[in-house]
Amino acid sequence: MRDSRAPTVHMGAMTRRTALATAVAASLSLALSACSMDQMALPGTSSTSHDAMEAIYKSAPVAKPELILPGWTMETIKKRGKLVVASALDAPLVSQQNPANPQDVDGFDADLAKLLAIYILGKPEVEWVPSTAETREALLSNGTVDVVFGTYTITTKRAQQVSFAGPYFMSGLAVAVKSDNTTIKGAEDLASKNVIVQTGAPSVTRVPEKVPTAKLMPFATTPGSVQALVQGRGDAFVQDYVLLASQSSTNKDIKVVGAPFTEEPYGVGLKHGDAEFKTFVNTWLSTMQEQGIWSKVWKNTLGTVGDTPMPTPPAIGSVPGS
């Protein structure tokens, strides 16, 4: 005979308890998965590269107080406590965002941006704002961002709308094709071919100059252009060498062929007419080069793929528009 003092267990309560236990287990699983994603290395990065950059941050220069001029952009950033940076955020080895942690961005441009933040603030505090080739000028002119680090090629036309510090890197337009393509070996083989270009990028004008019979196929973004190439919607994709290298490092369906056929000097985009801040950023760039930090950042990012020898940093102010 059942003890009348024993608790009665109702099926409804069991169902609720089972559901609760399942929900807790699911939540724990998601939390662990998120933790794993956050710790997982991004394309083109590793725990070793993260550790190397942390060491670089610790030895990075910080501007002397007298360089933070009252009333200018550097003081505004210092008081705010963070540097607001526009970047593409989708380029491995250049500026790649961690999907599990949007404020975790790695790569050559991203690490330089963090080092500029350290120079101003003493710490790598950066707020990232996604940008495209079409939005960079507007983000600077309306004050949404302080700087643009985004494989931003210096041109005299762009310099009418924004100011450029630098150049800090010399790249160039190159050609990417599908990995099984054996007929296109460089820009000289693009005659009468369907050539994918990115809207607003220098390739839109430079490809017709180099190969007048090439048929341009514009796409809005680099990932979209790569996808179109892989799908066979175009014969080749012409874009900045660094961006193509970063894409090929994580996508074995494409390869870069030939040498760059142009010179593309990268600059740090600044608001037009901000002369004092431009001088400040140029001073920082010179310090980075002199102390060998620029070379360390390159070795830790772009220098991890391909056979490209260590490049020499371009002289500050050496190109029209800088």
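These remarks concern the structure in this document. (Residues numbered from 1 in each chain as written. Predicted model: local features only at pLDDT ≥ 70, side-chain atom pairs only at ≥ 80, totals over all residues. Heavy atoms only, no water.)

### Re the pattern of salt bridges
Line of reasoning, step 1. Throughout the structure, instances matching the rule amount to 7 salt bridges.
Line of reasoning, step 2. Two residues, Lys-114 and Asp-111, come together in a salt bridge whose shortest N-O distance is 3.9 Å. Residue Lys-114 and its partner Asp-111 are located together in helix H4 (residues 108-121), separated by 3 residues, close to a single helical turn.
Line of reasoning, step 3. The exposure class of Lys-114 is buried, given its relative accessible area of 10%.
Line of reasoning, step 4. Ionic pairing is found between Arg-206 and Glu-264, a salt bridge with its closest N-O pair at 4.0 Å. Here Arg-206, found in helix H6 (residues 203-210), pairs with Glu-264, found in strand E13 (residues 264-271); they are 58 residues apart in sequence, far enough to count as distant.
Line of reasoning, step 5. Residue class for Arg-206 comes out partly exposed when judged on its relative accessible area of 30%.
Line of reasoning, step 6. Overall, Glu-264 belongs to the buried group, its relative accessible area being 3%. (Salt bridge = Lys/Arg side-chain N within 4 Å of Asp/Glu carboxyl O. Helix = DSSP H or I, 4+ residues; strand = E, 2+ residues; numbered from the N terminus. Buried < 20%, exposed > 50% of the residue type's maximum accessible area, 1.4 Å probe, protein only.)

### Quick notes on the packing of helix H3 (residues 73-80) against helix H9 (residues 275-290)
Line of reasoning, step 1. Axis separation between H3 and H9 bottoms out at 8 Å; the angle between their running directions is 75°. Comparing their axes, H9 and H3 come out roughly perpendicular. Between H3 and H9, the residues in contact are Thr-73, Met-74 and Ile-77 and Glu-276, Phe-277 and Phe-280, respectively.
Line of reasoning, step 2. When grouped by side-chain class, the residues that make up the contact of H3 with H9 number 4 nonpolar, 1 polar and 1 charged. (Axes fitted to C-alpha atoms, helices over the stretch in contact; angles between N-to-C directions. Parallel < 35°, antiparallel > 145°, perpendicular 65-115°, else oblique. Contact = heavy atoms within 4.5 Å. Nonpolar A, V, L, I, M, F, W, Y, C, P; charged D, E, K, R; others polar.)

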